[in-house]
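Analysis of the macromolecular model
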Amino acid sequence: MTPALRPAYLRGAGGTPFGRHEGRSALDLMDEAAAQAINSSGLARREIDGVLCGYATTLPHLMLSTLVCERLALKPHYAHGLQLGGASGAAMLMAARELVRSGRCRNVLVLAGENRLSGQSRDSSIQTLAQVGDADFEVPNGASVPAYYALMASQYMQQTGVTSEDLAEFAVLMRSHAATHPDAHLRTPITRQEVLASKPIATPLSLLDCCPISDGAMALVVSAEPAAQGAVAMVGAGQAHRHQHLTAMADVMQCGAGEAAQRAFDEAELGLADVDYLGIYDSFTITLVMLLEEIGFAPRAGAAQRARTGDFAPTGALPLNTHGGLLSFGHCGVAGGLAHAVEAWRQMTGQAGARQITPPRRAFIHADGGVMSSHVSLLLSRED
């Protein structure tokens, strides 16, 4: 007989400010984020019996999860590292949920961090990003991640009618949200005109359509018991993996995001209308637009209109990335995507400080890795 699955809750969270941390290693940043998450969970370190750690390009250690455990004086009976590009953070949370629901673990620390800005040269960073491409058909042509996303954007914009002005709406929105977060990398307000006039990176994407490279770390604790601050249950999860490389993408209109989301909604027995907060991956403005539209939170070519009418603002019907997302809060690898879940937990438990909105009841989190390659969706529910 299959035993009943137990609930799994987000119990605590922590993180460092994103930006430049000269002289601090990826491990230093992860130590700080992990300590905050464990402290906020109300647990003792001896109660952490599982650890999942994201990869770090500035720290290519073969056993990163156990290295972290050693530094944090943790002695779990389950640990491993996970590598799924930008989807790694959400995938680790999904894996932690399964460990808790099955009874394998009771309290799992999910952790990621990297000093990409201060600990990696520009050439090294470009070389790392270039390896996302197919070694035979893409990398030899000299493209990097922004170029791949630009090619995808060009086709999507041609098929749907999305414009550069539409994309700019989301750069402005994310910056306005980051302006209220003291830990955000980029906080200076920007205008739509400034986005459109910013330096071209890979047509049709300009500098302000792209996320910055940051230092930082994020951590969450997934537990069998809720925290005193509030019960935020992970009630649904789904994945989809349709391709790895851009040249293998069959259809820019169906990248897998919709499939992953539907699996999460089906498991949670919820629908789009039940969600009142969004944490959507936004490595580029086109990423955010494509995900919102494929999943169904906006019609094709309609995401920007929802932004213009205020639907994604803190006071709107669907507050979106209230920390500023990757585009402005910052991006330091796996921790950049994990920050979306940290912000959702803080908002749902009333711990978001000056940017606190009406605490959401249902949050939808989505992350993608590669060039819209790997997709992970999560549904969170606040239980009173």
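A few words now on the overall build of the chain. When its secondary structure is counted, the chain shows twelve helices and eleven strands. Taken over C-alpha atoms, the radius of gyration comes to 19 Å for the chain, in line with the 21 Å a tight globule of 384 residues would show. Overall size of the chain, expressed as C-alpha extent along the three principal axes, is 55 × 45 × 45 Å. Taken across its 384 residues, the chain has 59% of its residues classed as buried. Nonlocal contacts in the chain, meaning residues at least 24 apart in sequence, comprise 76% of its contacts between residues at least 6 apart.

For the bond running from T203 to P204, omega is 15°, close enough to zero to count as cis. By the element assignment, P204 lies in the loop between strand 5 (200-202) and strand 6 (205-206). For N321, which is not glycine, the phi dihedral falls at a positive 50°. What makes N321 buried here is its relative accessible area of 0%. One non-glycine residue, M372, lies in positive phi territory at about 55°. Following the sequence through the fold, M372 ends up in the loop between strand 10 (362-369) and strand 11 (374-383).

Of all eight residues in strand 10, seven are buried, a share of seventy percent or more. Pairing of strand 9 (residues 277-280) with strand 10, which is carried by four bridges, proceeds in the parallel orientation. Pairing of G279 across the sheet is with I365, part of strand 10. With eight bridges connecting them, strand 10 and strand 11 associate as antiparallel partners. Looking across to strand 11, one finds that G369 is bridged to S374. Linkage of strand 10 to strand 11, two consecutive antiparallel strands, is achieved through a turn of four residues, within which G370 is found at a positive phi near 70°.

This brings us to the state of the cysteines. All told, the structure shown has zero disulfides when counted by the stated rule. In this model C332 remains outside any disulfide bridge; the closest cysteine sulfur is found in C211, 10 Å from its own. Assessed through its relative accessible area of 1%, C332 is described here as buried.

Our next topic: the packing of aromatic side chains. Tallied over the entire structure, the rule returns five aromatic pairs. Consider the rings of F18 and F329, whose centres lie 4.7 Å apart with planes at 50°: the pair is tilted. A residue pair is termed long-range when its members are at least 10 positions apart, and F18 in the loop between strand 1 (9-15) and helix 1 (26-41) and F329 in helix 11 (residues 325-329) qualify at 311 residues. Residues F18 and F329 agree in their burial class; the two are buried. In this structure an aromatic cluster arises from ring pairing among F265, F297 and F364.

Let's shift gears to the sheet that holds strand 1. Pairing is mixed in the open sheet, where nine strands are placed in the order 3-2-4-7-1-8-11-10-9. The sheet terminates laterally at strand 3 (78-82) and strand 9, the two strands that pair on one side only. Going across the sheet, the axis of each strand differs from the next one's by a mean of 25°, ignoring polarity. Strand direction decides the pairing type here: strand 1 and strand 7 (residues 215-223), joined by six bridges, are antiparallel. Of the residues in strand 7, the one forming a bridge with G14 is A219.

Next up on the list: the packing of helix 8 (residues 257-268) against helix 9 (residues 285-295). Their axes nearest at 8 Å, the elements helix 8 and helix 9 cross at an angle of 50°. Comparing their axes, helix 9 and helix 8 come out oblique. With respect to the hand of their crossing, helix 8 and helix 9 are arranged in right-handed fashion. Residues A257, G258 and A261 of helix 8 pack against L291, E294 and I295 of helix 9. For the contact of helix 8 with helix 9, the class distribution of residues is four nonpolar, one polar and one charged.

In this section: helix 8. Two residues of an α-helix separated by three or four positions point the same way, owing to the 3.6 residues in each turn. In a regular helix each residue adds 1.5 Å, so twelve residues correspond to 16 Å; helix 8 covers 17 Å between its end C-alpha atoms and thus fits that length. Looking only at helix 8, the buried set comprises A257, A260, A261, A264, F265 and A268. Down the axis of helix 8, the smallest arc covering the buried residues is 130°, so these residues share one side. Elements that come into contact with the buried residues of helix 8 comprise strand 8 (231-241), helix 9, strand 10 and strand 11. Among the residues trailing helix 8, E269 stands out with phi positive, at a value near 55°.

What counts as what
Residues numbered from 1 in each chain as written. Predicted model: local features only at pLDDT ≥ 70, side-chain atom pairs only at ≥ 80, totals over all residues. Heavy atoms only, no water. Helix = DSSP H or I, 4+ residues; strand = E, 2+ residues; numbered from the N terminus. Rg over C-alpha atoms; globule rule 2.2 N^0.38 Å. Buried < 20%, exposed > 50% of the residue type's maximum accessible area, 1.4 Å probe, protein only. Contact = heavy atoms within 4.5 Å. Pairing = 2+ DSSP bridges. Disulfide = S-S within 2.5 Å. Phe/Tyr/Trp six-rings, centres within 6.5 Å; stacked < 30°, edge-to-face > 60°. Axes fitted to C-alpha atoms, helices over the stretch in contact; angles between N-to-C directions. Parallel < 35°, antiparallel > 145°, perpendicular 65-115°, else oblique. Left-handed = near helix turned anticlockwise from the far one by under 90°. Nonpolar A, V, L, I, M, F, W, Y, C, P; charged D, E, K, R; others polar. Expected span 1.5 Å × (residues − 1). Arc of directions from axis to C-beta.

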